[in-house]
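Listed below are the residues making up each chain.
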Amino acid sequence: MESVELIYKAVYILVIFGITLLIATYSTYAERKVAAFIQDRVGPNRAGPFGLMQPLADAGKMFFKEEFIPAKSNRMLFIIGPGIAMIVACMSSAVIPFGDMLIIGGREIYLQAIEVNIGMLYIFGVVSLGVYGLMIGGWASNNKFSLLGAIRAASQNISYELAMGMSIIAILMMTGSLSLREIAEQQAGFNWNIWYQPLGFIIFLTCSFAETNRTPFDLPECETELIGGYHTEYSSMKLGLYLFAEYINIFVASAVMATLYFGAYNFPFMENLREAFSDPVVGNNVVTLIGVAVMFAKIFFFIFFFMWVRWTLPRFRYDQLMKLGWQILIPLAILNILLTGGGILLFD
Amino acid sequence: MTESLFYFLASLTLLCALMVVISRNPVHSVLFLIITFFTISGHYILLNAQFLAAVNIIVYAGAIMVLFLFVIMFLNMNKDSESRVKTSTLSKFAGTIAGGLLFVIMVAAVKDTTIAGYNADTFTSQTGMVETLGAVLFTQYLLPFELASVLFLVAMVGAVMLGKKEAGEQHF
Amino acid sequence: MAETYTSDFGTILLFLIGSVIFVMLGLFTAKLIRPHRPNPEKLTTYESGEEPIGNAWVQFNPRFYVVALIFIIFDVELAFLFPWATVFGRRELIEATNGAWGWFSLIEMFIFIGILILGLAYAWAKGHLDWIKPKPILPQSRSGIPPDVYRQFNARQEAKREA
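Residues numbered from 1 in each chain as written. Chains lettered and ligands numbered in written order. Predicted model: local features only at pLDDT ≥ 70, side-chain atom pairs only at ≥ 80, totals over all residues.

## Some words on the overall build of chain A
Check the secondary structure of chain A and you find 12 helices and 2 strands. Going from the N terminus to the C terminus, chain A shows its helices and strands as α-α-α-β-β-α-α-α-α-α-α-α-α-α. What you see for chain A is a C-alpha radius of gyration of 21 Å, in line with the 20 Å of a compact globule of 348 residues. Seen through its C-alpha atoms, chain A measures out along the principal axes to roughly 65 × 50 × 50 Å. Residue burial in chain A is summarised as follows: out of 348 residues, 53% are buried. (Helix = DSSP H or I, 4+ residues; strand = E, 2+ residues; numbered from the N terminus. Rg over C-alpha atoms; globule rule 2.2 N^0.38 Å. Buried ≥ 20, exposed ≤ 12 C-beta atoms within 10 Å, placed from the backbone.)

## Quick look at the overall build of chain C
For chain C, the helix and strand inventory stands at 5 helices and 0 strands. Reading the helices (α) and strands (β) of chain C from amino to carboxyl end gives α-α-α-α-α. Counting every position in chain C, which comprises 163 residues, the buried fraction comes to 28%.

## Examining the interface of chain C and chain B
Contacts between the two partners involve 45 residues from chain C, matched on the other side by 41 residues from chain B. Residue assignment for the side of chain C that touches chain B shows that the elements contributing at least two residues are helix H1 (2-33), helix H2 (63-88) and helix H4 (100-125) of chain C. When its residues are assigned to classes, the side of chain C that touches chain B shows 32 nonpolar, 8 polar and 5 charged. (Contact = placed C-beta atoms within 7 Å. Nonpolar A, V, L, I, M, F, W, Y, C, P; charged D, E, K, R; others polar.)

## Details of the interface of chain A and chain C
On the side of chain C, 58 residues touch chain A, which itself brings 59 residues to the contact. A total of 12 residues in the side of chain A that touches chain C trace back to one element, the largest contributor, which is helix H5 (residues 144-175) of chain A. The class makeup of the residues in the side of chain A that touches chain C is 36 nonpolar, 13 polar and 10 charged.

## Details of the nonpolar core
Within the largest apolar cluster, 166 residues are counted, with the highest numbers of intra-cluster contacts made by A:Met135, A:Ala163, A:Ile169, A:Phe251 and C:Ile70. Broken down by element, the residue count for this core peaks at 20 residues, all from H5(A). When residues of this core are sorted by domain, at least three fall in each of domain 1 (1-79) and domain 2 (126-163) of chain B. Once you skip the residues sitting within four places of it in the chain, A:Ile169 turns out to touch A:Ile337, C:Leu81, C:Phe82 and C:Ala85. (Core = buried A, V, L, I, M, F, W, Y, C linked by C-beta atoms within 7 Å. Domains from an automatic or database assignment.)

## Some remarks on the packing of helix H4 (residues 119-140) of chain A against helix H3 (residues 50-74) of chain B
Look at H4(A) against H3(B): their axes get within 8 Å of each other, and the N-to-C directions meet at 20 degrees. For the element pair H4(A) / H3(B), the angle class is roughly parallel. Our pair here, H4(A) against H3(B), has a crossing hand that is left-handed. Residues A:Leu121, A:Tyr122, A:Phe124, A:Gly125, A:Ser128, A:Leu129, A:Val131, A:Met135 and A:Trp139 of H4(A) form the contact with H3(B), whose participating residues are B:Ala54, B:Ile57, B:Ile58, B:Ala61, B:Gly62, B:Ala63, B:Val66, B:Leu69 and B:Met73. The residue makeup of the contact of H4(A) with H3(B), split by class, is 15 nonpolar, 3 polar and no charged. (Axes fitted to C-alpha atoms, helices over the stretch in contact; angles between N-to-C directions. Parallel < 35°, antiparallel > 145°, perpendicular 65-115°, else oblique. Left-handed = near helix turned anticlockwise from the far one by under 90°.)

## Describing the environment of B:Val136
Residues and elements named next belong to chain B. Relative to the helices and strands, valine 136 resides in helix H6 (residues 130-139). According to the C-beta neighbour criterion, valine 136 is partly exposed, with 15 such atoms within 10 Å. Valine 136 sits 131 residues away from leucine 5 along the chain, and the two C-alpha atoms are 30 Å apart.

## A short note on helix H7 (residues 142-162) of chain B
Helix length check: H7(B) (21 residues) gives 31 Å between terminal C-alpha atoms against 30 Å at 1.5 Å per residue, within 8%. Listed in full, the buried residues belonging to H7(B) are B:Phe152, B:Met156, B:Ala159 and B:Val160. With its buried residues spanning 95 degrees around the axis, H7(B) presents them on a single face. Of the residues in H7(B), the exposed ones pointing more than 90 degrees away from the buried face are B:Leu143, B:Pro144, B:Leu147, B:Val154, B:Gly158, B:Met161 and B:Leu162. Contacts from the buried residues of H7(B) go to H2 and H4 of chain C. (Expected span 1.5 Å × (residues − 1). Arc of directions from axis to C-beta.)

## Describing the packing of helix H1 (residues 2-22) of chain B against helix H2 (residues 26-46) of chain B
Residues and elements named next belong to chain B. The N-to-C vectors of H1 and H2 enclose an angle of 160 degrees; their axes lie 8 Å apart at closest approach. Classed by the angle they form, the pair H1 and H2 counts as roughly antiparallel. As for the relative orientation of H1 and H2, their crossing is left-handed in sense. Mapping the contact onto sequence places Thr2, Leu5, Phe6, Leu9, Leu12, Thr13, Cys16, Ala17, Met19 and Val20 in H1 and Ser29, Phe32, Leu33, Ile35, Thr36, Thr39, Ile40, Gly42, His43 and Leu46 in H2.

## Things to note about helix H11 (residues 280-310) of chain A
Between its first and last C-alpha atoms H11(A) spans 45 Å; for 31 residues at 1.5 Å apiece the expected length is 45 Å, and the two agree. Burial in H11(A) covers these residues: A:Val287, A:Thr288, A:Gly291, A:Val294, A:Met295, A:Lys298, A:Ile299, A:Ile303, A:Phe306 and A:Met307.

## Re the confidence of the model for chain C
Residue and element names in this part refer to chain C. Model confidence for chain C is summarised by a mean pLDDT of 78, while 83% of its residues fall at 70 or above. Mean pLDDT across the secondary structure elements of chain C bottoms out at helix H3 (residues 91-96), with 66, and peaks at helix H5 (residues 147-162), with 89. In this model residues 1-5 is a low-confidence stretch, pLDDT under 50, and it forms 4 contacts with partners more than four residues away in sequence or in other chains. Here the prediction assigns the complex a pTM of 0.84, and the interface score ipTM is 0.80. (pLDDT = per-residue confidence, 0-100.)

Structure (structure tokens):
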């Protein structure tokens with residue numbers, strides 16, 4: 001039994017890894033296509049039909065390009081930096097519930113790699129570690145632009161982490177549980193948290209843009225000021241790891257938003273659909289599979305939203321960014337906690 | 001299984017903690033310290049204190065170590081300035097004595113402790129859970145909890161005082 | 001109960017090991033197949049095409065440090081808020097105390113957060129949350145032609161375009 005469990009876990013981890021990498025890879029393609037669409041261009045269309053092989057070509061380039069490590073850099077930390085960024089990005093997808101329970105041959109299989117009691121704290125902890133990859137990489141390069149980018153990244157990430165944590169607390173007050181599976185189960189049907197937490201969602205959304213260093217919060221790597229920011233000196237596979245980590249972070253941020261606020265794998269009338277089947281096992285499996293599709297549809301929508309915003313909004317100035325984080329989002333998040341507390345006691 | 005995991009984690013913790021002290025490059029020291037915090041979190045998980053494990057990572061590895069990294073990165077730490085600092089024999093001697101005394105005190109303190117063990121009837125594995133902790137914090141330990149917020153206020157005032165602007169300060 | 005949790009955290013360990021292997025594999029295969037022909041020019045750090053001057057590891061503006069310091073205080077506060085949030089809305093606790101529990105814990109938290117808001121307000125009032133703003137210098141031309149002439153010319157051009 002033990003070994004069966006282990007094999008199942010290993011397979012599931014591989015599947016999650018595969019999905020994460022696939023989505024991250026094709027996010028690069030989607031980003032260019034979305035950019036092209038918004039700017040009325042064609043976008044990549046040479047490699048394969050509709051340019052679908054473009055990400056593979058890019059990956060190949062990452063492998064075959066020559067790499068140089070600056071002579072004055074700290075060699076060891078220069079290599080560790082992108083590694084940390086990538087490992088941290090991969091770790092965060094572990095607790096996300098991609099679907100409900102599947103029943104195969106009498107076995108109940110939850111479509112979630114790890115169900116821990118502290119799922120939300122786990123994600124919060126992993127997010128708070130994300131800053132090391134950028135900081136260490138930027139510092140090890142011994143380049144002034146990299147260092148500036150790294151310090152900006154660190155300051156920005158920690159500033160927005162606070163507001164993010166506070167918006168999570170408002171959600172916890174409603175759900176009373178840190179487990180992502182329970183949070184997902186409580187939003188059955190159309191009882192999504194977004195209806196109760198619109199302000200919290202906006203705060204969380206803004207913070208996840210800042211945490212993933214996406215436009216309009218891409219100050220750590222803004223080309224016009226800092227060349228490439230913390231990855232100015234990076235090339236070849238190590239640059240690839242940094243860029244890849246960013247897309248994985250976008251994927252995870254989208255998944256977390258879908259789970260916390262948009263009902264994860266739940267969709268309206270799922271109970272009616274479940275009862276429409278005479279065999280409960282078949283009904284359960286059909287609903288679960290549709291739920292997985294719904295979950296991914298929500299995730300893809302958020303990924304698209306990230307790209308949409310990137311090609312729509314201009315970049316903040318650094319003082320505006322700090323002002324937004326400390327003087328607008330944190331007071332708003334505290335207000336949101338108080339409102340949520342009062343609301344629960346008055347209306348529940 | 002759990003026991004061997006414990007010994008593995010414990011030796012890893014000790015090794016990393018040693019590396020913090022031994023490493024010549026302070027940034028390496030910080031990295032090893034982060035790994036040490038991770039292994040300590042691993043110990044908490046073995047004790048089923050999940051909340052402590054997560055908070056240990058969030059606060060220590062995620063926040064305090066960022067501050068450490070900031071400080072170390074902002075120190076003017078060139079290769080030549082490093083070699084310029086010479087530790088005199090006297091300070092080495094003093095360091096050895098101070099460290100040795102601390103070690104003696106720790107041995108003396110640990111020597112007299114006994115492991116209380118646990119009563120199988122009253123023991124619950126849920127002690128370290130978030131919910132239990134929250135309930136205890138808001139009933140039994142209410143006053144310390146509220147006093148902690150005053151402590152935070154003092155810390156905040158201290159932080160603000162530390163960061164006081166000085167005349168002629170350069171920004172970039 | 002405890003056993004299953006340990007095995008769940010064991011899966012996290014598996015995840016960690018898996019991602020470390022993945023990263024090392026990626027870096028190692030790339031190292032095997034890519035060319036490696038360094039020369040001193042390639043190995044200099046990039047500084048907009050100039051010879052890099054000095055070292056990047058220099059002393060830095062301490063205001064980043066102050067931000068990190070204030071962040072730590074709030075982060076610890078968050079750690080206190082998490083257990084509160086999980087027990088706050090508990091139905092059984094509220095019912096056991098006739099609804100008093102909810103208000104009690106909320107007011108408790110108001111006091112806690114209120115003292116922290118005091119701290120935030122203090123840092124705010126002292127100007128530590130205001131980042132320095134750039135002071136743009138408006139360019140001034142030393143042309144002999146008075147600015148009015150330009151304005152009149154522009155207005156005439158505009159009128160022509162609209163006509």
